[in-house]
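Observations on the three-dimensional arrangement
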Amino acid sequence: CRVRHYKLNVVKKNYTRLCSSKSIVTINGKFPGPTLYAREDDTLLIRVNNHVNVNVTIHWHGVRQLRTGWADGPAYITQCPIPPRQSYLYNFTLTGQRGTLWYHAHVNWLRSTVHGAIVILPKRGVPYPFPKPDDELVVVLGEWWKSDTEAVINEAMKSGLAPNVSDAHTINGLPGTLPNCSSQEVYNLAVEKGKTYLLRLVNAGLNEELFFKIAGHTLTVVEVDATYVKPFKIDTVIIAPGQTTNVLLNADQKSGKYLVAVSPFMDAPVAVDNLTATATVHYTGINAANTPTILTNPPPKNATKVSDKFTDSLRSLNSQKYPANVPLKIDHSLFFTIGLGVNPCPSCKAANGSRVVGSVNNVTFVMPTTALLQAHYFNISGVFTTDFPANSPHVFNYTGPGPANLQTTNGTRLYRLPFNSTVQLVLQDTGIIAPESHPIHLHGFNFFVVGRGVGNYDPKNDPKKFNLVDPVERNTIGLPSGGWTAIRFRADNPGVWFMHCHFEVHTSWGLKMAFLVDNGKGPNQSVIPPPKDLPKC
Ligand code: C2O
């Protein structure tokens, strides 16, 4: 393994999309940002220079950050943000991880344009556990906003109402042919007949789960969230914000030009950007201008069956070389309700003096003004409490009438876990206001998805159906709309670890909490000391 140095300059740059230009915050002037390449077990030293006039942090989404929480990146959770004209050196090791992950800004809504892929190749000489592809391509899915996303969320937080939605989806930064005036803005993927390509898909969008489909071709899924899965064939991939998916594309069709369609999945009656982003797959040797594109129909917005078919097919590879070490004995059994609520807001003129909030176990998370990891490490009192409830405070019944009182409590409450304890966490969508799927992301860990269902979780019968043999291992799950998901992980990473909905609007509304994992007793079981250049709040 080696040490790799990267320099990421956060700079403004002018981009033209959908017929209008705007200045956006980027990494090194690129949208999406540059791909970072490394190998399993490499150490990355990434210098982030802030050349814009707002605070910045970068999160390395899915990197476990064993004992190096100082490099994790969520603002006010593990670090104070990097102020304008200052820099911070992120220093971490990719211990035992290989596959596709990604990085993004983790302060306010800056990640709409500040993001890019991380490609972690296996150790030198170690093959993939699937046939070697002839070539590899990174495909970052995102959103394009005509307005400034920081202004969009600031306005929504002031009014108490839901923010606007994006103006188009994008594929490697380009919306494709369908939206008006963007005929030049199509991503083309050139393939050679008979060859196989590994596509590394990332959903970097803010607020929508996305379907990904290529006309005339079946995809073979081989990895999600940088963990290998048992390969399976499918024609439509579902990918939630935060998730990554590697698929093999076999160029085995008639030479031609095929449409790639990226469209939203939302089985809730909420507003979404309904536009389908398009790209094309070209077989080399054809005359692209004179070849008609073979089209495909993206699934309808509420195609839950299409989404479930993909999700239900996921299994850990669970081979001798890549075993699934699912915790079997559980120390902490937790039940968290995930949903929305309404709180009083006298200053909110637009919504009758109230605002929409997000909550976990009825707690709406209040962002601290000192980073939680710093408060924990230096024993600064008064920043957080460790009384996050292990269970929902009121009996939860999704199928019955909703609660009369939608008000949540506010707090910066953490759930404390002893080092190396095992956790089972059942996440239940409350369906309050609207049943809606939530892409829940846990920092600092991968977890196993042992069960999933619709309606109320049944603590007596559902565990009997859990998959404890080869459940998929991930860092982000799409919690089904009006349903539940059970995950398991081992708290072997001391520090403070954020868990939140990866719909940026829900995070802003408070659908987030954090775990505090104590130091262990062994020599390598404590948070390492913070670096000298850690930003101050
Ligand atoms: Cu990808 Cu806390 O985020």
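The rules behind these values
- Sequence order as written defines residue numbering, which begins from 1 separately in each chain.
- Reporting in this predicted model follows two pLDDT cut-offs: at least 70 for local features of residues, and 80 or more for side-chain atom pairs to be given and counted; totals over whole chains, interfaces and linings ignore these cut-offs and use all residues.
- Going along the chain from the N terminus, every DSSP run of H or I of four or more residues is numbered as a helix, and every run of E of two or more is numbered as a strand.
- Our radius of gyration looks at C-alpha atoms and nothing else; its globule reference is 2.2 Å times the residue count to the power 0.38.
- Each residue is classified by how many other C-beta atoms fall within 10 Å of its C-beta atom, where C-beta atoms are placed from the backbone; a count of 20 or more means buried, 12 or fewer means exposed, and values in between mean partly exposed.
- A residue pair is marked as a contact if its C-beta atoms, positioned from the backbone, fall within 7 Å.
- Among buried residues, those of type Ala, Val, Leu, Ile, Met, Phe, Trp, Tyr and Cys that are joined through C-beta atoms within 7 Å form a set called a nonpolar core.
- Pairing between strands requires that DSSP locate at least two bridges from one strand to the other.
- Simply put, an axis is a line fit to the C-alpha atoms, just over the touching stretch for a helix, and the angle between two N-to-C directions goes from 0 to 180 degrees.
- Boundaries of every domain are those given by an automatic assignment or by a domain database.
- Each residue receives one of three labels: charged for Asp, Glu, Lys and Arg, nonpolar for Ala, Val, Leu, Ile, Met, Phe, Trp, Tyr, Cys and Pro, and polar for the others, Gly being one of them.
- UniProt positions are given in the numbering used here, feature names are shortened, and annotations may be inferred rather than shown by experiment.
- Confidence of the predictor at the level of single residues is given by pLDDT, which spans 0 to 100.
- In this description, one arc is meant: the one made by directions from the helix axis to the C-beta atoms.

Some points on the overall build of the protein chain
Along the backbone of the protein chain there are four helices and 33 strands. A compact globule built from 537 residues should have a C-alpha radius of gyration of about 24 Å, and the protein chain, at 22 Å, falls within 12% of that. Principal axes of the C-alpha set define a box for the protein chain whose edges measure 65 × 55 × 55 Å. Burial analysis of the protein chain (537 residues in total) assigns 49% to the buried set. Here the analysis covers contacts within the protein chain between residues at least 6 apart in sequence; of these, 78% occur between residues at least 24 apart.

Considerations on the nonpolar core
Of all hydrophobic cores here, the largest spans 137 residues; its most connected members are Leu141 and Ala514. The leading source of residues in this core is strand E18 (residues 257–265), at six residues. Those residues in contact with Leu141, other than ones at most four positions away along the chain, are His169, Thr170, Ile171, Leu201, Val202, Asn203, Ala204, Gly205, Leu210, Ile239 and Val262.

Focus on the environment of Leu36
Of note, Leu36 is situated in strand E3 (residues 36–39). With 425 residues separating them in the primary sequence, Leu36 and Asn461 have C-alpha atoms 45 Å apart.

Focus on the sheet that holds strand E5 (residues 58–61)
Spatially, the four strands line up as an open sheet ordered E3-E8-E7-E5, and their pairing is mixed. The open sheet has two edge strands with one neighbour each: E3 and E5. Going across the sheet, the axis of each strand differs from the next one's by a mean of 25°, ignoring polarity. In this sheet, strand E7 (residues 99–105) lies alongside E5 in antiparallel orientation, the contact comprising four bridges. Residue pairing in the sheet places His59 in a bridge with His104 of E7.

Observations concerning the environment of Thr278
Secondary-structure assignment places Thr278 in strand E19 (residues 277–283). Sequence separation between Thr278 and Asn246 is 32 residues; the distance between their C-alpha atoms is 19 Å.

What to know about the domain arrangement of the protein chain
As a measure of interface size, the accessible area lost when the parts come together is often cited. Assigned domains within the protein chain: domain 1 (1–126), domain 2 (127–314) and domain 3 (332–517). Once you take the C-alpha centre of each, domain 1 and domain 3 turn out to be 25 Å apart. Facing the 15 residues of domain 1 at the interface are 17 residues of domain 3. A breakdown of the residues in the side of domain 1 that touches domain 3 according to their chemical character gives seven nonpolar, five polar and three charged.

Focus on the UniProt feature "domain: Plastocyanin-like" (unreviewed entry) in the protein chain
According to UniProt, the "domain: Plastocyanin-like" (unreviewed entry) feature falls on residues 10–123, 136–285 and 388–520. Within residues 10–123, the helical portion is 0% and the strand portion 46%, while the C-alpha atoms at the span's ends are 30 Å from each other.

A few points about the pairing of strand E12 (residues 196–203)
Most of E12 is tucked away, with six of its eight residues classed as buried. Examined bridge by bridge, strand E9 (residues 135–144) and E12 share seven bridges and lie parallel to one another. When the bridges of E12 are listed, Val140 appears paired with Val202. Relative to strand E17 (residues 244–250), E12 runs antiparallel, the two sharing seven bridges. Paired with Leu199 across the two strands is Val247, which belongs to E17.

Let's talk about the sheet that holds strand E27 (residues 438–442)
Taken together, the five strands give an open sheet; going across it, the order is E25-E33-E32-E27-E30, and neighbouring strands pair in mixed fashion. Edge positions in the sheet fall to strand E25 (414–417) and strand E30 (476–479), since each has one partner strand and no second. The average undirected angle you get between the axes of adjacent strands in this sheet is 20°. For E27 and strand E32 (residues 495–501), the ladder comprises three bridges, and the chain directions are antiparallel. The partner of His441 across the bridge, within E32, is His500.

What to know about the confidence of the model for the protein chain
Confidence in the prediction of the protein chain, expressed as mean pLDDT, is 95, and 97% of residues score 70 or more. In the model output, the complex is listed with pTM 0.97 alongside ipTM 0.99.

Quick word on unusual backbone geometry
For the bond from Phe31 to Pro32, the omega torsion is -10°, close enough to zero to count as cis. Its identity as a non-glycine residue notwithstanding, Gln65 has a phi of 55°, on the positive side. In this structure, Gln65 sits in the loop between E5 and strand E6 (87–93). Its identity is not glycine, yet Asn362 carries a phi of approximately 70°, on the positive side. Here Asn362 is to be found in the loop between strand E22 (354–360) and strand E23 (363–365).

Looking at helix H1 (residues 149–159)
Looking at H1, one finds that the buried residues are Thr149, Val152, Ile153 and Ala156. Buried residues along H1 cover an arc of 85° about the axis, so they all sit on one side. Here the buried face of H1 lies against helix H4 (504–509). One or two residues past the end of H1 sits Gly160, with phi positive at roughly 85°.

Thoughts on the environment of Pro368
Here Pro368 shows up in the loop between E23 and helix H3 (372–377). Each C-alpha atom of the pair Pro368 and Ile239 lies 31 Å from the other, and the pair is 129 residues apart in sequence. When residues no more than four places from it in sequence are discounted, the contact partners of Pro368 are Tyr76, Val383, Phe384 and Thr412.

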